Amino acid sequence: MNALLSVEELDVHHGLLHAVRSVSLAVAEGERLALVGANGAGKTTLLRSVAGAKQATHGNVRLDGEVITALPAHRRVRLGIALVPEGRKLFPDLTVEENLLVATRHRRAGPWTVDGVLDVFPMLRKLRSRRASTLSGGEQQATAIGRALMTNPRLLLLDEVSLGLAPLAVDAVYECLATLLAEGATVVLVEQDLTRALQVADRVVCLLEGRVVLDAPAADVSREQVTEAYFGLP
Ligand code: ATP
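Nothing here was measured: the structure is a model prediction, and the numbers come from that model.

**Describing the sheet that holds strand 4 (residues 58-63)**
The strands making up a sheet are joined through hydrogen bonds of the backbone, oriented either antiparallel or parallel.
For step 1, the next point in the chain: On the basis of which strands lie adjacent, the open sheet formed by 4 strands has the order 2-1-4-5 and antiparallel pairing. Looking along the sheet, the strands with just one partner apiece sit at the ends: strand 2 (17-28) and strand 5 (66-67).
For step 2, the next point in the chain: Bridge count between strand 1 (residues 3-14) and strand 4: 5 bridges; the pairing is antiparallel. Residue pairing for strand 4: Val7 is matched across the bridge by Val61.

Written out as structure tokens, the structure is:
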């Protein structure tokens with residue numbers, strides 16, 4: 001397989017805590033990978049190391065075969081890796097439009113514009129000049145995804161986009177994501193909701209205590225098999 005992203009025997013520590021343990025995985029162009037696992041399994045740490053927000057202690061991250069393990073986050077953004085972080089991390093006092101434009105500072109060349117983002121997330125159209133702090137959770141999440149799109153990513157890393165959102169807001173965010181996915185976006189999605197993860201993804205990787213315990217095409221695994229891997233059942 002010609003992988004867009006390869007992670008090779010990656011170890012990541014938080015001090016003495018070994019959060020990601022010899023993780024290897026690959027994501028092909030156009031593939032949607034769901035990364036699942038219980039709280040503390042290492043999903044966020046893994047995404048952050050791919051994005052360059054957290055340094056790995058061993059192993060490699062490659063984009064299109066090039067080793068990028070030591071590159072800082074802003075250089076990886078220029079190469080096309082965009083992270084939508086857990087908790088959204090918007091600038092609360094900036095408007096929606098300003099939050100989107102912030103991302104253009106270190107971006108890769110490409111087609112995304114504020115209007116393009118508003119086409120994908122029509123819920124933001126009327127909110128363009130509103131401060132981020134005044135938005136609902138779903139609107140903030142849409143803005144955070146839009147901000148990542150503004151960097152013209154080749155690989156979109158989404159960390160728990162439904163966390164803390166009302167069910168209707170989750171539906172709305174996923175409806176918009178479906179537009180992106182239909183256009184062939186390459187995505188790694190951390191999602192607690194297994195049903196949703198299996199619906200969206202081509203492939204599912206489950207982490208347990210920092211290790212990969214399942215890596216399979218979504219069509220080949222049942223919800224029960226993923227649940228067993230999730231809880232480490234034999
Ligand atoms: P969650 O669903 O709770 O976000 P996760 O699978 O994303 O879980 P991580 O957030 O990557 O897991 O955490 C993996 C381990 O690393 C956990 O034991 C967590 O407590 C620890 N950890 C995460 N971030 C830090 C940090 N900044 N400093 C110290 N330990 C951390």
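**Examining the packing of aromatic side chains**
Here a ring pair, both rings aromatic, is described through the centre-centre distance and the interplanar angle of the planes.
For step 1, the next point in the chain: If you walk through the whole model with that rule in mind, you get 1 aromatic pair.
For step 2, the next point in the chain: Summarising the aromatic geometry, the rings of Tyr230 and Phe231 are spaced 5.0 Å apart at their centres and angled 65° between planes, so their arrangement reads as edge-to-face.
For step 3, the next point in the chain: The class for Phe231 is exposed, based on a relative accessible area of 53%.

**Topic: the environment of Ala229**
For step 1, the next point in the chain: Position of Ala229 among the secondary structure elements: in helix 8 (residues 223-231).
For step 2, the next point in the chain: For Ala229, a relative accessible area of 10% puts it in the buried group.
For step 3, the next point in the chain: C-alpha separation for the pair Ala229 and Ala56, spaced 173 residues apart in sequence, amounts to 25 Å.

Criteria and cut-off values
Residues numbered from 1 in each chain as written. Predicted model: local features only at pLDDT ≥ 70, side-chain atom pairs only at ≥ 80, totals over all residues. Heavy atoms only, no water. Pairing = 2+ DSSP bridges. Helix = DSSP H or I, 4+ residues; strand = E, 2+ residues; numbered from the N terminus. Phe/Tyr/Trp six-rings, centres within 6.5 Å; stacked < 30°, edge-to-face > 60°. Buried < 20%, exposed > 50% of the residue type's maximum accessible area, 1.4 Å probe, protein only.

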